[in-house]
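The lines below spell out each chain.
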Amino acid sequence: MHRIDDTLTQVQQRIHAAAMKAGRNADDITLLGVSKKQSVEKIAAVAALGLKHIGENYLQEALDKQAQLTEQALTWHFIGPVQSNKTRAIATHFDWVHSVDRLKIAERLANARADHDRPLNVCLQVNIDDEDSKSGCAPEEALSLAKALSQFDSLRLRGLMIIPKAQETLEQQRPAFAAARALRDDIASATGHPLDTLSMGMSADLEAAVAEGATIVRIGTALFGSRH
Ligand SMILES: *Cc1c(COP(=O)(O)O)cnc(C)c1O
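Residues numbered from 1 in each chain as written. Predicted model: local features only at pLDDT ≥ 70, side-chain atom pairs only at ≥ 80, totals over all residues. Heavy atoms only, no water.

A. Geometry of the site of the ligand. Taken together, Val34, Lys36, Asn57, Ile79, Ile163, Met202, Ser203, Arg218, Ile219, Gly220, Thr221 and Arg227 make up the full set of residues near the ligand. In this structure, lysine 36 approaches the ligand through a side-chain N or O atom, which is 2.8 Å from an oxygen atom. Contacts to the ligand include asparagine 57, whose side-chain N or O atom sits 2.7 Å from an oxygen atom. Against a free-state accessible area of 390 Å², the protein chains account for coverage of 88% of the ligand. Across the shell around the ligand, the residue classes break down as five nonpolar, four polar and three charged. (Near = heavy atom within 4 Å. Polar contact = N/O pair within 3.5 Å; in protein donor to acceptor, adjacent residues only side chain to side chain. Areas by Shrake-Rupley, 256 points an atom, 1.4 Å probe, with all protein chains shown as cover. Nonpolar A, V, L, I, M, F, W, Y, C, P; charged D, E, K, R; others polar.)

Written out as structure tokens, the structure reads:
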């Protein structure tokens, strides 16, 4: 068992070292603590240490935690698959949704968010390795989906999210992240939207993601320990 202040420092140091190596400023990389299947106490502990961006995968679990963490001024990110019957709750209880991968879901989120005072930040999830088992749109569909999303005033398209195939080494990990960055750049220039976000990198591959331009790294186990 590690103390959470130690693991938070370790993760911050990994981000810092990877940023330095890439000639980047570590302040341009947001650490998103992924707390699925972790306790409210652990979230409160990292929040007290200054980590305010929290990612959850399951709606009901997230709502239960949010109800117990109203004092912490957290920014909540939904990062799991979005079911269409959950879009209203997701659009009202989260600041970000990283896992938008089809127009119907975007439209439902947009309608549910319409009477809110701020747009919902969204990322398009792209199935960058074309894996059968993964959510996300095909890379070839990303541009037309991005164009379709920009019609919704209550959504703000920020960029792309990917979960690449697990790979052992940094050199094996980098190409998927590089492909996501290239796709983001293509979409940004084709649409004229400055897409400022690449949500990529998890506990096992954050260095490769930072090397290729990640702006949000989503870290679960390295921060909170293994999930129950
Ligand atoms: C669980 C999860 C993470 C965190 O993964 P770790 O390997 O525990 O860091 C990041 N992103 C998504 C989408 C997840 O579901």
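B. Geometry of the environment of aspartate 186. In this fold, aspartate 186 is placed in helix 7 (residues 170-191). Overall, the relative accessible area of 49% leaves aspartate 186 in the partly exposed class. Remark: the alpha-carbon pair of aspartate 186 and glycine 33, spanning 153 residues in sequence, is separated by 29 Å. (Helix = DSSP H or I, 4+ residues; strand = E, 2+ residues; numbered from the N terminus. Buried < 20%, exposed > 50% of the residue type's maximum accessible area, 1.4 Å probe, protein only.)

C. Inspection of unusual backbone geometry at higher detail. Phi at alanine 73 is positive, roughly 50 degrees, even though this residue is not glycine. By the secondary structure assignment, alanine 73 is in the loop between helix 3 (59-68) and strand 3 (75-78). A relative accessible area of 62% places alanine 73 in the exposed class. Its identity is not glycine, yet aspartate 130 carries a phi of approximately 55 degrees, on the positive side. For aspartate 130, the location among the structural elements is in the loop between strand 5 (120-125) and helix 6 (142-149).

D. Summary view of the packing of aromatic side chains. The full count for this structure, using the stated rule, is one aromatic pair. When the centroid spacing of 5.2 Å and the interplanar angle of 80 degrees are considered together, the rings of phenylalanine 78 and phenylalanine 94 count as edge-to-face. In this pair, phenylalanine 78 is assigned in strand 3 and phenylalanine 94 in the loop between helix 4 (87-93) and strand 4 (96-100), connecting sequence segments 16 residues apart. A residue is classified by how much of its surface remains accessible, and phenylalanine 78, at 2% relative accessible area, is buried. For phenylalanine 94, a relative accessible area of 1% corresponds to the buried category. (Phe/Tyr/Trp six-rings, centres within 6.5 Å; stacked < 30°, edge-to-face > 60°.)

E. Structural detail: a negative patch on the surface. A surface patch of like charges, here negative, comprises Asp130, Asp132, Glu140 and Glu141. With respect to the secondary-structure elements, aspartate 132 resides in the loop between strand 5 and helix 6. (Patch = residues over 30% accessible without salt bridge, like charges linked within 9 Å, V, L, I, M, F, W, Y side chains within 5 Å. Salt bridge = Lys/Arg side-chain N within 4 Å of Asp/Glu carboxyl O. Lys, Arg positive; Asp, Glu negative; His and termini not counted. Charge placed at Lys NZ, Arg CZ, Asp CG, Glu CD.)

F. How the structure looks around the side chain of threonine 215. Here threonine 215 is to be found in the loop between helix 8 (206-211) and strand 8 (216-219). Its relative accessible area of 15% is what places threonine 215 among the buried residues. Every residue in contact with threonine 215, bar those within four places of it in the chain, is listed here: Arg24, Asp28, Ile29, Thr30, Asp196, Thr197 and Leu198. (Contact = heavy atoms within 4.5 Å.)

G. Quick peek at the pairing of strand 6 (residues 155-161). The buried count for strand 6 comes to six of seven residues, which makes it a mostly enclosed element. Bridge count for strand 5 against strand 6 is six bridges, and the pairing is parallel. The partner of cysteine 123 across the bridge, within strand 6, is glycine 159. Running through helix 6, the crossover from strand 5 to the neighbouring parallel element strand 6 is right-handed. Considered for its hand, the β-α-β crossover made up of strand 6, helix 7 and strand 7 (residues 197-199) is right-handed. (Pairing = 2+ DSSP bridges. Right-handed = clockwise from strand over helix to strand, strands pointing away.)

H. Representation of the pattern of salt bridges within the structure. Enumeration over the complete set of coordinates arrives at 11 salt bridges. Among the ionic pairs, aspartate 5 bridges to arginine 3, the shortest N-O distance being 3.0 Å. With a relative accessible area of 56%, arginine 3 lands in the exposed category. The closest approach of N and O atoms between arginine 181 and glutamate 212, which form a salt bridge, is 3.2 Å. Linking arginine 181 in helix 7 with glutamate 212 in the loop between helix 8 and strand 8, this pair joins segments that are 31 residues apart in sequence. A relative accessible area of 32% places arginine 181 in the partly exposed class. Classification of glutamate 212 by relative accessible area gives buried; the value is 7%.

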